[in-house]
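Summary of structural features
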Amino acid sequence: MTKDTTQQPSTAAESALPTSVLQGDPRYEDLALRRRNERFEHRPRCFQVVRNTEHVVDAVNAAVRAGDRIAVRSGGHSMENSVGEARGGTVIDMCAMNSVYFDSERNAFAIEAGATLGDVYRQLYLNWGVTIPGGWGHTVCAGGHIQGGGYGGLSRRHGSTVDHLLGVEVVVVDEHGEARVVEATRDPQDPHHDLWWGHTGGGGGNFGVVTRYWMRTPGTPESLLPRPPATMISGVLAWPWEKMSRDAFQTLLRNHGEWHQKHSAPDSPYTALSSILMLPGRAERSDAMGLTLVGLVDGSLPGAQSMMSEFLDAVDNGLSGARFITSPQPWLYTMVPPVVDGEMQRIPEYDRYKGKAAYLRKPFTSEQVDTLYDYLVEPPAEIDLAGVWLNSYGGRVNAIEPEATALSQRDSILKVVYTAAWPAPKDDGKNIDWLRRFYADVYADTGGVPVPGEINDGSYINYPDADFMDPEWNTSGVPWHYLYYKDNYPRLQRVKARWDPLNTFRHALSIPPVG
């Protein structure tokens, strides 16, 4: 195996067996509470806290011998219960494997699976002046984020996170039930190349336990990874709900969608600009936010202020929203906001929530926009946050052929996220039902799900949704796996059959072996 060339030599304690935590151990409750959706519990027979790859091998072997189902947890942000669905099994917790360093043997940057994206950005940028085009959620961990595809504010300019994946270290289980370590790279001559490919958008919990990734951009021998903008300029537009009529809402969604349709080609100069359009449900609370567009553009570009102004003008055409544009701010400051008064801002991921998602190839139809308006104008009172987020996409993401990586959606312009979050367990049923009906009605013309076609392009496996498997909510006749993987699914099944022949790693939305 390639060694960690910047870490201190292992101590005796670090080389010992992984830490096994059973019920009754005072640490168990802390580990059980390390989750991101209060609807789900993580209460296995055993937690295995691992600190190195050898620990992972030992933990997997112990679980196999005990007959336990294995779940792997890095950040625990899955929208479904892939970690906690097997209560009697083993959860391998990656929190202690969180290093980010330069591996001189690989000539690449190594990121361990338990590193948070916030730490990844800080370490890569402050030490080497580079970054990866990952997500905004700085508490999300690299383990699941990268292998599901990964995207964020720099993806329009630099592609998906997996477009920079050189290699992956994975602990797999062979046909005899024995765990072993495999390194797989993007080199087509690598005999393990198919395992690398499976981790370029195949999603977590399918093939084994990822312990580390090696990141290096193809064709960049100098910096090895993208250099982020030195500064970012932010632009904001806001519209109060009380002034947002149905016609105005149609105008907003049409303006926004048409701008992205026009400016999402890989060679567009506007790949330097990304945005999030936040459409929260209307509420009567005095603190309820209105509809908000937040844009970011590389502040070092000539004409960056004008680029942002033109973008805001295009989206606001005919609407008269309140706006402001900031002066340039340091990139890392905008990417990972500082901690205020020693506390992180409370965010909805720590509530009970349900999420759904979809890709858009073209703007929503007027019928879909009407459905969005109908649901958002009167969300249930019990939901603290009901909303739809439209994340800019496309650009350099769309420069890659769909079969080059497991991430098959390579001609979309927007990612759409549907969210409902609430505090009380008693409201689970009706709030989940509301979001399900909302989503099904938006995609009523295609069987309640975003079937790939002229407008829609399926969904993103890092936002898993078990409802795709339920014929009550997916009446399209299109199987769940086509919505996520499209024509890449048969190859993913072959990867699964080769590297996890006993189907050791599985959950509700995992890839089954061929046959």
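Going along each chain's sequence as written, the residues are numbered from 1 onward. Thresholds applied to this predicted model are a pLDDT of at least 70 for local features of residues and 80 or more for the giving and counting of side-chain atom pairs; totals over whole chains, interfaces and linings are not thresholded and use all residues. In computing side-chain values, all of the structure's heavy atoms are included and hydrogens and water are not.

1. Quick notes on the overall build of the protein
The condition is simple: A run of DSSP states H or I qualifies as a helix once it reaches four residues; a run of E qualifies as a strand once it reaches two. Both are numbered from the N-terminal end. As defined in this context, the radius of gyration uses C-alpha atoms, and a globule is described by 2.2 Å times the residue total to the power 0.38. Accessibility here uses a 1.4 Å probe with only protein chains present; expressed as a share of the type maximum, an area under 20% marks a residue as buried, one over 50% as exposed, and anything in between as partly exposed. Note on contacts: a residue pair qualifies if any of its non-hydrogen atoms lie within 4.5 Å across the two residues. Note that accessible areas follow from Shrake-Rupley with a 1.4 Å probe, and for residues the cover is restricted to the protein chains shown.
Along the protein, the regular secondary structure elements total 13 helices and 17 strands. Against the 2.2 N^0.38 benchmark of 24 Å for 515 residues, the protein shows a C-alpha radius of gyration of 22 Å, consistent with a compact globule. Here the C-alpha coordinates of the protein stretch approximately 65 × 50 × 50 Å along the principal axes. Across the 515 residues in the protein, those meeting the buried criterion constitute 60%. Of all intrachain contacts in the protein linking residues separated by at least 6 positions in sequence, the fraction that spans at least 24 positions is 74%. Approximately 20,500 Å² of the protein is accessible, and the part contributed by carbon and sulfur atoms is 50%.

2. Details of the packing of aromatic side chains
Where we set the bar: In this analysis, rings of Phe, Tyr and Trp, with Trp reduced to its six-membered ring, are considered paired at centre separations within 6.5 Å, and the interplanar angle assigns stacked below 30 degrees, edge-to-face beyond 60, and tilted for intermediate values. The criterion for a charge sitting over a ring is simple: Lys NZ or Arg CZ within 6 Å of the ring centre, and within 35 degrees of the ring normal.
A full pass over the atoms with the stated rule returns 28 aromatic pairs. Ring geometry for Tyr121 versus Trp331: centroids 6.3 Å apart, planes at 75°, classification edge-to-face. With Tyr121 in helix H3 (residues 117-128) and Trp331 in helix H9 (residues 331-335), this pair connects stretches of sequence that are 210 residues apart. What makes Tyr121 buried here is its relative accessible area of 1%. Judged by relative accessible area, Trp331 falls into the buried class, the value being 2%. Centroid distance Tyr485 to Tyr489: 6.2 Å. Interplanar angle 15°. Geometry classified as stacked. Take Tyr485: its relative accessible area is 0%, and that puts it in the buried class. Note on Tyr489: relative accessible area 7%, which makes it buried. Within the aromatic cluster, the residues linked to one another by ring pairs are Tyr375, Tyr418, Trp434, Phe438, Tyr439, Tyr443, Phe468, Trp480, Tyr484, Tyr485 and Tyr489. Its guanidinium or amino end placed over the ring of Trp214, Arg106 lies 4.5 Å from that ring's centre, counting from NZ or CZ. In this structure, Arg491 is placed above the aromatic ring of Trp197, and the distance from its NZ or CZ to the ring centre is 4.0 Å.

3. Quick look at helix H2 (residues 53-66)
Short version of the rule: Multiplying one less than the number of residues by 1.5 Å gives the expected span of a helix. As used in this structure description, the phrase polar contact means that two N or O atoms lie within 3.5 Å; if the pair is within protein, one of them must be able to donate a hydrogen and the other to accept it, and residues adjacent in sequence are counted only when both atoms belong to side chains.
For H2, with 14 residues, the first-to-last C-alpha span of 20 Å sits near the 20 Å given by 1.5 Å per residue. Restricting attention to buried positions, one finds in H2 the residues Thr53, His55, Val56, Val57, Ala59, Val60, Asn61 and Ala63. Elements in contact with the buried residues of H2: strand S2 (46-49), strand S3 (70-73), strand S4 (90-93), strand S7 (165-173), strand S8 (179-185) and strand S9 (209-215). The opening residue of H2 is Asn52, an N-cap whose side-chain oxygen sits 3.2 Å from the backbone nitrogen of Glu54. Within two residues after H2, Gly67 carries a phi angle of roughly 75°, on the positive side.

4. Some remarks on the side chain of His507
Counting through the fold element by element, His507 comes out in the segment after helix H13 (489-499). Taking the relative accessible area as the measure of exposure, His507 reaches 18% and is therefore buried. In terms of polar contacts, His507 uses its side chain to reach the backbone carbonyl oxygen of Gly204, at 3.0 Å.

5. A look at the confidence of the model for the protein
Condition: As a per-residue measure, pLDDT reflects the predictor's confidence and takes values from 0 up to 100.
Taken over all residues, the pLDDT of the protein has a mean of 92, while the share at 70 or more is 93%. The low-confidence segment residues 1-13 (pLDDT under 50) makes 24 contacts with residues lying over four places distant or belonging to another chain. This model gives residues 340-350 a pLDDT under 50, and the stretch forms 15 contacts once residues within four places in sequence are excluded.

6. Thoughts on the state of the cysteines
Going by this rule: Disulfides are defined as pairs of cysteine sulfur atoms found within 2.5 Å of each other.
Applying the stated rule across the entire model yields zero disulfides. Lacking any disulfide linkage, Cys46 is separated from the closest cysteine sulfur, that of Cys95, by 13 Å. The class of Cys46 is buried, set by a relative accessible area of 2%. With no disulfide of its own, Cys141 lies 8.5 Å from the sulfur of Cys95, the closest cysteine sulfur.

7. Quick notes on the side chain of Thr211
Along the chain, Thr211 turns up in strand S9. Beyond its immediate sequence surroundings of up to four residues, Thr211 is in contact with Thr53, Val56, Met94, Met97, Ile111, Glu112, Ala113, Glu169, Val170 and Val171.

8. Structural notes on the packing of helix H7 (residues 246-262) against helix H8 (residues 304-316)
To characterise two packed helices, one gives the angle between the axes of the helices and the distance between these axes. Selection criterion: Between the N-to-C directions of two axes lies an angle of 0 to 180 degrees, each axis being a line fitted to C-alpha atoms and, for a helix, fitted only over the stretch in contact. Geometric relationships in this document are graded by angle, where less than 35 degrees denotes roughly parallel, more than 145 denotes roughly antiparallel, 65 to 115 denotes roughly perpendicular, and other angles denote oblique. Classification used: nonpolar for Ala, Val, Leu, Ile, Met, Phe, Trp, Tyr, Cys and Pro, charged for Asp, Glu, Lys and Arg, polar for all others including Gly.
The geometry of H7 relative to H8 is characterised by a closest axis approach of 7 Å and an angle of 135° between their N-to-C directions. Relative to H8, the element H7 is oriented oblique. Here H7 contributes Leu252, Asn255, His256, Trp259 and His260 to the contact with H8, which in turn contributes Phe311, Ala314, Val315 and Asp316. Counted by class, the contact of H7 with H8 contains five nonpolar, three polar and one charged residues.

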